Structures are given as structure tokens and as C-alpha cells.
Amino acid sequence: MWDVLLLFSSICTAVSPVVVGAPETVIGHRGERVDIRCPYDSGYEANPKYFCKGDCILPNKVIIKSGSPAKDERFSLTDNTTARVFTVTITDLRTEDEGRYWCVVERTLTDGALTDGAIPDVYSEISLKFKLETVIGHRGERVDIRCPYDSGYEANPKYFCKGECIFGIRNIIIRSGSPAKDERFSLTDDTTARVFTVTITDLRTEDEGQYWCAVERTLTTDRAITDVYSEIYLQVKLDKKTTEVSTINPFSVASESEMNPSSSVTDHQISSTGKHLSTSHRPSLSPADHEVKGSSVIIVTAEALVLLLIAVPLVIVAVRKKKKTEGLLSSTIVEFNPVIYEQITDTGRHCNPEDRDTETTVFYSCVS
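Residues numbered from 1 in each chain as written. Predicted model: local features only at pLDDT ≥ 70, side-chain atom pairs only at ≥ 80, totals over all residues. Heavy atoms only, no water.

A. Focus on the pairing of strand β14 (residues 185-190). Here β14 pairs with strand β15 (residues 195-200) via six bridges, running antiparallel. Residue pairing across strands places Thr188 opposite Thr197, the latter belonging to β15. (Pairing = 2+ DSSP bridges. Helix = DSSP H or I, 4+ residues; strand = E, 2+ residues; numbered from the N terminus.)

Next comes the structure, spelled out in C-alpha cells:
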């Protein structure tokens, strides 16, 4: 009896998993699908395969096994015996899916690979990580950080912490239902969309760094006391957010280089479409300067239009007067008929002696 127990004990203590290859890191995205490939050696095509999480010592750590239904319907396993690769697919990735996994090939006494009475399975380590989400903000402005969470956690408390956020030394900035340490931070929870949002106003350079969106869990949820974390990196830029300006200008504006040939660089360049303004290498003008320039152009153009409206009627009136004058002059011109004057001296009539020196001259005119 004791010999049997001793033999059983020696077999159990001698059994240890065979780990092959270096740990492989697989990157996933929350809410999406990821395929984890688990290659194995020739000769194990018919062996059962399984996929477990964590230390993978206890049977309850096995998530899915070939030929058996998965504990979580989001997991599936397919075995390509020709390529000697079995693939585990996880859909609708969640934050709690992140961690260490094992691709395992189960071995039995029939494998002929026993050494020292051991029947170890073959393990290959997988590290599933989520891609770090980076949120970009601009100094002095506001930023909204969205933190989605899974169904079932609508009533759970949520919080937002900075740094390592380790139990016992958590730097919790704000928690749902409690005032924030910094009044610039606020938290709103949309339980319908399952997203809580942290808003930071008046961004500062010291706000940049690592943050964690966290959902608090208790013993009554999933029999766990580990909170659910989602890492966020906040990057604060010093320059202000670039705003695209759309302009509708009925007037054509010449650039500074056209108005001043000696200038080789313009303050602003206007694109061919006339819709976007792009700043050149010279210092940009302030909004007030732009308003003054725009007002000056509009005033000058308006004055030109007024002068044009006044000049056109005057020209029209002048032309009409000229035509009218020419008509009057042409109507008053009468054909000139030459008049022939002839001088006739009357010598037959003599006056008094006192008047002898006087001749009476009569002029006759004939009009032809």
C-alpha cells in the first residue's frame, strides 16, 4: 500500500510542464477580435489542445479545449493539423481579457515521449496586451477622455487615477459620486452607452502622463476583488489647436508679393481655392490685424463702387447732351445764297449848289 502511494507521489512530483519557445506578445484592441496562433510539433496532430489563463495549474483555468464547448462563448478553437497550428479566436475583446495565457498540447502515456515516468503537457506562453490609447490635448484647452466598460458594470463605481494606480497607493483624481481633488476634473457616466467620460479643463503641461480608467468591483461581482483597468496616456501639446477657416470672398485679393515686388515672403498665402489660409514662416498676424486688413479692403472696394456708380450716370448724361447739341446745330444751318451787290451812281440828279459835293449813292442788290 505504501509502495503504491510512494510511487504515485513520485510521479506527481516529477511531472512538470514543458515550456517551448519564448513568450509571445499579442496586441489586441478593445471591442475587436484577435487570433492567437499556437504552433506545435509533428506527432501531436491527434492530441487534444487547450487554452488556459494565468498559472494554468488548476482545471478551472482552462478556458477552452478542443472538442468541448468554451466557458466563454467569445472564445473558439480551431486546429489545422496540416499546418500543425491551432488557433484561439477571441471576439469582443474586453479589458479583463488582458494577461498571460498558455497554448497547451495535452500528452498521454500513448505518446511514447515519457521520460522519468513523467507525462508533462507542452506549453507555450502568450501575453495578450491591449494597445495603449493616447489622447492628445492642447494647453489651456479642454479634453474629454472616454472610458468604455462592459455590460454588467453599469451600477459599479468608476474612478480615474494617475500613475501606477497600485492598490494602497492609488492616486485617484476623481471618483463617481465624490468631489474631485482638482476642480478642473469632472466625471460623467452614461450607463446606456456604457461609457464614463472624464473631462479636464484648462489643460496644463503637468497633466501629461499615464492615467487609468477603472471600474471598481467587489465580491458580489464575478467573485473577484480586482478592479478593471484601462490604460490611457495623455499628451499635452503646447501649441494651440489648429482651426481651419473657411472664407467666402467675392473680391479678388492680391498677395503682398504682387503688391510689393521687393517682398519675397508674404504674411499669409491664399490657396487657389480661396477656402483655406495657411500661415507662412513669418510671424502670423493677430485676429485684430486680420479684421483691420479685411475692413480696409472692404472700405476701399466700397468707395470704388460708389465712385463708379456716380461716374457712369454722368458719362451717360454727357453723351446724351452732346448728341442733342449736335442735332440743334444741324437744324439751324441754312444754305447760304450769295448776294451780288452793285454800286450805281446817279449823276443825273443834282441838288442845290451847296450840295454839289454830295453824291447820292444807291445800292441795289439782286438775290439769285
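B. Quick peek at the state of the cysteines. Inspection of every chain in the model, using the stated rule, returns four disulfides. Across the disulfide from Cys38 sits Cys103; the S-S distance is 1.9 Å. An S-S torsion of about -40 degrees defines the bridge between Cys38 and Cys103 as left-handed. Here Cys103 lies in strand β8 (residues 99-105) and Cys38 lies in strand β3 (residues 34-39), a separation of 65 residues in the sequence. The pair formed by Cys38 and Cys103 is uniform in burial state, with each residue classed as buried. By sequence order of its bonded cysteines, the protein chain has the disulfide arrangement 1-4, 2-3, 5-8, 6-7. (Disulfide = S-S within 2.5 Å. Buried < 20%, exposed > 50% of the residue type's maximum accessible area, 1.4 Å probe, protein only.)

C. Representation of empty space enclosed by the protein. Considering all chains together, one arrives at one cavity of 30 Å³ or more under this definition. Counted as a void, the largest cavity has a volume near 70 Å³. Along the walls of the largest cavity sit 14 residues, with Thr95, Pro148, Tyr149, Val215 and Val228 positioned nearest its centre. Sorting the residues of the lining of the largest cavity by element identifies β11 (143-148), β16 (209-215) and β17 (228-237) as the ones contributing at least two each. Element by element, the count of residues in the lining of the largest cavity is highest for β17, at three residues. Of the residues belonging to the lining of the largest cavity, the class tally is nine nonpolar, two polar and three charged. (1 Å grid on protein atoms, 1.4 Å probe; cavity = no way out; pocket = protein on both sides within 12 Å on 5 of 7 lines; lining within 4 Å. Points joined across faces, edges and corners; volume = space filled by probe spheres on them. Nonpolar A, V, L, I, M, F, W, Y, C, P; charged D, E, K, R; others polar.)

D. Expanded view of the sheet that holds strand β7 (residues 85-90). The strand order across the open sheet formed by three strands is β3-β7-β6, and the pairing between neighbours is antiparallel. On the outer flanks of this sheet lie β3 and β6 (75-80), each paired with one strand and no other. Mean inter-strand twist for the sheet, computed between neighbouring axes without regard to direction, equals 20 degrees. Where β3 lies against β7, six bridges are found, and the strand directions are antiparallel. The residue bridging Ile36 from the neighbouring strand is Val88, located in β7. (Axes fitted to C-alpha atoms, helices over the stretch in contact; angles between N-to-C directions.)

E. Looking closely at the side chain of Arg217. Inspection of the secondary structure assignment puts Arg217 in the loop between β16 and β17. Engagement of the side chain of Arg217 in a polar contact is seen with the side chain of Tyr153, the distance being 3.0 Å. (Polar contact = N/O pair within 3.5 Å; in protein donor to acceptor, adjacent residues only side chain to side chain.)

F. Broad picture of the packing of aromatic side chains. If you walk through the whole model with that rule in mind, you get seven aromatic pairs. Seen in terms of ring centroids, Phe51 and Tyr101 are 5.0 Å apart; in terms of plane orientation they differ by 10 degrees. Their pairing is stacked. On the criterion of sequence distance, the pair formed by Phe51 in strand β4 (residues 49-53) and Tyr101 in strand β8 is long-range, its members being 50 residues apart. For the residue pair Phe51 and Tyr101, the accessibility class agrees, reading buried in each case. Between Phe160 and Tyr211, the ring centres sit 5.0 Å apart and the planes meet at 10 degrees, which makes this aromatic pair stacked. (Phe/Tyr/Trp six-rings, centres within 6.5 Å; stacked < 30°, edge-to-face > 60°.)

G. The pattern of salt bridges, seen in detail. One pass over the structure, following the stated rule, counts 15 salt bridges. When the shortest N-O distance is used, the salt bridge between Glu106 and Lys65 registers 2.9 Å. Of this pair, Glu106 sits in the loop between β8 and β9 (122-130) while Lys65 sits in strand β5 (residues 62-65); the two residues are 41 residues apart in sequence, bridging distant segments of the chain. On the basis of relative accessibility, which here comes to 30%, the residue Lys65 falls in the partly exposed class. The closest approach of N and O atoms between Arg184 and Asp182, which form a salt bridge, is 3.1 Å. Look at the salt bridges and you will find they share partners, linking Asp55, Arg100 and Glu125 into a network. (Salt bridge = Lys/Arg side-chain N within 4 Å of Asp/Glu carboxyl O.)

H. Fine view of the side chain of Asp150. Along the chain, the position of Asp150 falls in the loop between β11 and β12 (158-162). Judged by its relative accessible area of 9%, Asp150 falls in the buried class. With sequence-adjacent residues up to four places away left out, Asp150 is seen in contact with Arg30, Arg94, Thr95, Glu96 and Arg194. (Contact = heavy atoms within 4.5 Å.)

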